[in-house]
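Breakdown of the fold
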Amino acid sequence: MQQASPLIEARGVKVYFPVRKGLFGSIAYVRAVDGVSVAIPRGGILTLLGESGCGKTTLGKTIAGLIKPTAGEILYKGKPINRMRKKEYMVYRRSVQIVHQDPYAALNPTKTVFQTLSFPLKRWKIARSRRELREKVIELLETVGLTPPEDFLNKYPHQLSGGQRQRVVIARAISVNPELIVADEPITMIDVSLRLGILDLLLGLREKLGTAYLFITHDFGAARYFTAKGGGVIAVMYLGKVVEMGPAEAVIHDPLHPYTDILIQAVPEPDPDKMRNAKPIKLRSLDIPSPLNPPKGCKFHTRCPYAWERCEKEEPPLVELKPGHSVACWLKLRR
Ligand code: SF4
């Protein structure tokens, strides 16, 4: 039987941004994403995890069609988006919605909640009359837990808390019935006490609506909670590359790449005894190399405590070592 193609696939995607060295200098390229292949099944979760500047947001925007890749392609249900006809492309653009990191900047301060949520409903002709519009907006507010909805309809963004604003942003994203939501650090700018509520809301919407997620985060704790609870896949990124990818449980409990180990170690341990007995891995350097001039060989070798000669010369490929669990590290590949 022929297997259905993934909902979204990135194949060998590279995104390079040109920058000029000095006023009249030569052009150099920031290799934000440097040859990444990932796939998101229908209703699935893929989490991109890594430090700031690793290329995860650029990859997310490329998958959402907001950035054109320098090389490689994005496929929606098996079809490259750059070869789509206008009508097909519009279906794809509607099917992939973004929830941005900053709920303060994502909402127009001059529009009420009703006006904000009405816009996509009118734009995509989901609601045609004023009555239908109001009913649909009320339903959306109830779905994202802003109740009683009548209390929120005429509020402006400045009258809402950070968590409430992010719920409005999520309501706007789901208003057009997307198949994939790119959630880019959706809890980073929200009070700690409200973060779990937003993650649970996103997971609940997946149950209810079957939405798939590309979840982007620098926080291993958030990646663990969201991806493991949703049974998804974690892809760990470093300087534009995926260095480890696998089912959440495998990456969390049996990490294969030293960089993943370090990310796990960075999560605060609430048990003081465990903290005292922990043997932290010491990085060779705390400086992240520039994506303008990334190191040769393994990009992590300037910081990796296990690096040896080969790591400085040859770049390790991403190889599947266990079912669905891949790593790019000579330490594991030489066995
Ligand atoms: Fe470290 Fe070498 Fe593995 Fe890179 S390839 S992570 S430098 S051991």
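For the structure itself, consult the block above.
Residues numbered from 1 in each chain as written. Predicted model: local features only at pLDDT ≥ 70, side-chain atom pairs only at ≥ 80, totals over all residues. Heavy atoms only, no water.

**Some details on the site of the ligand**
Around the ligand, the structure places His-257, Pro-258, Cys-298, Phe-300, His-301, Cys-304, Tyr-306, Ala-307, Cys-311, Pro-316, Cys-329 and Trp-330. At a threshold of 2 Å from the grid points, most atoms of the ligand map onto the largest cavity. Residue classes in the shell around the ligand are distributed as ten nonpolar, two polar and no charged. (Near = heavy atom within 4 Å. 1 Å grid on protein atoms, 1.4 Å probe; cavity = no way out; pocket = protein on both sides within 12 Å on 5 of 7 lines; lining within 4 Å. Sits in = over half its atoms within 2 Å of the grid points. Nonpolar A, V, L, I, M, F, W, Y, C, P; charged D, E, K, R; others polar.)

**Regarding the sheet that holds strand 4 (residues 71-76)**
Taken together, four strands build an open sheet; the order of strands is 2-1-4-5 and the sheet is antiparallel. The open sheet has two free edges, formed respectively by strand 2 (27-40) and strand 5 (79-80), since each of these has just one partner strand. Note that strand 1 (residues 8-20) and strand 2 share eleven bridges and pair antiparallel. Bridge pairing in strand 2 places Ile-8 opposite Ile-40. In this fold helix 1 (residues 56-63) packs onto strand 1, strand 2 and strand 4, with an angle of close to 120° to the strand it touches most, strand 1. (Pairing = 2+ DSSP bridges. Helix = DSSP H or I, 4+ residues; strand = E, 2+ residues; numbered from the N terminus. Contact = heavy atoms within 4.5 Å. Axes fitted to C-alpha atoms, helices over the stretch in contact; angles between N-to-C directions.)

**Here's the deal with the pairing of strand 3 (residues 45-49)**
Counting buried residues in strand 3 gives five out of five residues, a clear majority hidden from the surface. Burial of the side chains of strand 3 extends over both faces: Ile-45, Thr-47 and Leu-49 are buried on one face and Leu-46 and Leu-48 on the other. Bridge count between strand 3 and strand 8 (residues 212-217): five bridges; the pairing is parallel. The residue of strand 8 that forms the bridge with Leu-48 is Ile-216. Relative to strand 9 (residues 233-238), strand 3 is paired through four bridges, and the arrangement is parallel. Bridge assignment links Leu-48 to a residue of strand 9, and that residue is Ala-235. (Buried < 20%, exposed > 50% of the residue type's maximum accessible area, 1.4 Å probe, protein only.)

**Here's the deal with unusual backbone geometry**
Omega for the peptide link from Thr-147 to Pro-148 comes to -10°, which places this bond in the cis form. Along the polypeptide, Pro-148 turns up in the loop between helix 4 (130-143) and helix 5 (162-174). Even without glycine at this site, Lys-77 takes up a positive phi of about 50°. Counting through the fold element by element, Lys-77 comes out in the loop between strand 4 and strand 5.

**Describing the sheet that holds strand 9**
What links the strands of a sheet is backbone hydrogen bonding, and the strands pair in either a parallel or an antiparallel sense. One open sheet accounts for eight strands, arranged 6-7-8-3-9-10-12-11; its pairing is mixed. Two strands bound the open sheet, and with one partner strand each, they are strand 6 (96-99) and strand 11 (319-322). Geometrically, the sheet is characterised by an average inter-axis angle of 20° between neighbouring strands, direction not taken into account. Where strand 9 lies against strand 10 (residues 241-247), six bridges are found, and the strand directions are antiparallel. Bridge pairing links Ala-235 to Met-245 in strand 10. In this fold helix 7 (residues 220-230) packs onto strand 3, strand 8 and strand 9, with an angle of close to 165° to the strand it touches most, strand 3. Running at roughly 105° to strand 9, helix 9 (residues 258-265) makes contact with strand 3, strand 9 and strand 10 of the sheet.

**Re the nonpolar core**
With 41 residues, the main nonpolar core has Leu-141, Ile-170 and Phe-226 as its most contacted residues. Leaving out residues up to four positions away in the same chain, Ile-170 has contacts with Val-99, Val-144, Ile-198, Leu-201, Leu-202 and Leu-205. One finds Leu-59, Ile-67, Val-182 and Ile-216 within the second-largest nonpolar core, a separate group that totals 32 residues. (Core = buried A, V, L, I, M, F, W, Y, C linked by side-chain atoms within 4.5 Å.)

**Quick word on the packing of helix 5 against helix 6 (residues 192-209)**
It is at 10 Å that the axes of helix 5 and helix 6 come closest, and there the two elements cross at 20°. When the interaxial angle is binned, helix 5 and helix 6 end up roughly parallel. As for the relative orientation of helix 5 and helix 6, their crossing is right-handed in sense. Contacts from Gly-163, Gln-166, Arg-167, Ile-170 and Ile-174 of helix 5 reach helix 6 at Leu-194, Gly-197, Ile-198, Leu-201, Leu-202, Leu-205 and Leu-209. (Parallel < 35°, antiparallel > 145°, perpendicular 65-115°, else oblique. Left-handed = near helix turned anticlockwise from the far one by under 90°.)

**Thoughts on the environment of Asn-82**
Structurally, Asn-82 is set in the loop between strand 5 and helix 2 (86-95). Along the chain, Asn-82 and Ala-10 lie 72 residues apart, while their C-alpha atoms are 12 Å from each other.

**Remarks on the side chain of Arg-167**
Turning to its location among the elements, Arg-167 is positioned in helix 5. Among all residues touching Arg-167, those that are not within four sequence positions of it are Val-144, Gly-145, Leu-146, Gly-197, Ile-198 and Leu-201.

**Description of empty space enclosed by the protein**
Summed over the entire model, instances satisfying the criterion amount to two cavities of 30 Å³ or more. Put simply, the largest cavity is a space of about 90 Å³. In terms of lining, the largest cavity is formed by 14 residues, of which the most central are Cys-298, Cys-304, Cys-311, Cys-329 and Trp-330. Tallied by class, residues from the lining of the largest cavity come to twelve nonpolar, two polar and no charged. What lines the second largest cavity is simply Thr-57, Gly-60, Lys-61, Ile-98, His-100, Val-182, Asp-184 and Ile-216. Those elements giving two or more residues to the lining of the second largest cavity turn out to be helix 1 and strand 7 (180-184). Among the elements that take part in the lining of the second largest cavity, helix 1 stands out by supplying three residues, more than any other. (Points joined across faces, edges and corners; volume = space filled by probe spheres on them.)

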